[in-house]
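A structural walkthrough
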Amino acid sequence: MAAVPEPDEPAKRKGSCTSLRSYWKPFKLLGILDVENIPCARDSILYGSLGSVVAGFGHFLLTSRIRRSCDVGVGGFILVTLGCWFHCRYNYAKQKIQQRITRQGMKNKLLYEGTHLDPERKQNNGNSSN
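Here goes a summary of the coordinates provided. If you're wondering where the values come from, they're calculated on a predicted model, not measured in any experiment.

Calculation criteria
The numbering scheme is per chain: residues are counted from 1 as the chain's sequence reads. Selection of residues for local features in this predicted model requires a pLDDT of at least 70, selection of side-chain atom pairs for listing and counting requires 80 or more, and totals for whole chains, interfaces and linings are taken over all residues. Hydrogens and water are ignored here; the side-chain numbers use all heavy atoms of the structure. We count a stretch as a helix when DSSP gives it H or I for four or more residues in a row; a strand needs E for two or more, and each element gets its number in order from the N terminus. Exposed residues in this analysis have more than 50% of their type's maximum accessible area, buried residues have under 20%, and partly exposed residues fall in between, with area computed by a 1.4 Å probe over protein chains only. A pair is scored as a salt bridge if a Lys or Arg side-chain nitrogen falls within 4 Å of a carboxyl oxygen belonging to Asp or Glu. The rule for a disulfide is simple: a pair of cysteine sulfur atoms within 2.5 Å. In this analysis, the expected span of each helix is defined as 1.5 Å times one less than the number of residues it contains. A contact between two residues is defined here by any heavy atoms of the two lying within 4.5 Å.

**Section: unusual backbone geometry**
One non-glycine residue, cysteine 40, lies in positive phi territory at about 80°. As for its position among the elements, cysteine 40 is in the loop between strand E2 (33–34) and helix H1 (41–63). Accessibility expressed as a relative area gives 10% for cysteine 40, which makes it buried. A positive phi is found at serine 64, a non-glycine position, where the angle reads about 60°. Relative to the helices and strands, serine 64 is located in the loop between H1 and helix H2 (66–112).

Listed below in structure tokens is the structure:
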């Protein structure tokens, strides 16, 4: 007989490739920013942390001032994170607009194909009469 899993324990599936994401809780930064589900959040945080390390360590190598280097690291994190965030969100919004325009065009193509309102039909009729 197979053991019945406890109610608080996830069921183990035999023979299937399941991802571990179904067993993980989503990572929330500061308890409010769901990094997994918000577009651009993950990349912005990662690039910001790398930027803070580079800026802080670079400043420390140049000046050997520890406290000031930490301040530069925090400033580097803020600047790089915000820069990546706005750049990514701008491209994301631009892509969404292009998708909406393409979807609308495909819908119009399906709607008007074969009718007297079809622009391709008007072009073909004008070329065949010459």
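**What about the pattern of salt bridges?**
Opposite charge on two side chains lets them pair, provided their charged atoms get close. Under the definition given, this model contains one salt bridge. Notably, a salt bridge pairs aspartate 43 with arginine 42, separated by 3.7 Å at the nearest N-O pair. When its relative accessible area of 38% is taken as the criterion, aspartate 43 is described as partly exposed. For arginine 42, a relative accessible area of 52% puts it in the exposed group.

**A few points about the state of the cysteines**
Tallied over the entire structure, the rule returns one disulfide. The disulfide partner of cysteine 40 is cysteine 88, and the gap between their sulfur atoms is 2.0 Å. Taking the sign of the S-S torsion, -70° for the link of cysteine 40 and cysteine 88, the bridge is left-handed. Note that cysteine 40 is positioned in the loop between E2 and H1 and cysteine 88 in helix H2, a separation of 48 residues in sequence. Looking at cysteine 88, the relative accessible area reads 25%, which means it is partly exposed. Cysteine 88 supplies the cysteine sulfur nearest to cysteine 84, a cysteine that is in no disulfide, at a spacing of 8.4 Å. Cysteine 84 sits in the partly exposed class, given a relative accessible area of 25%.

**Observations regarding H2**
Here H2 is 47 residues long and its end C-alpha atoms lie 68 Å apart, about the 69 Å a rise of 1.5 Å per residue gives. Burial in H2 covers these residues: Ser69, Gly73, Gly76 and Thr81. Summarising the contacts, the buried residues of H2 are in contact with H1. Among the residues trailing H2, glycine 114 stands out with phi positive, at a value near 85°.

Coordinates in, geometry out; function isn't part of it.
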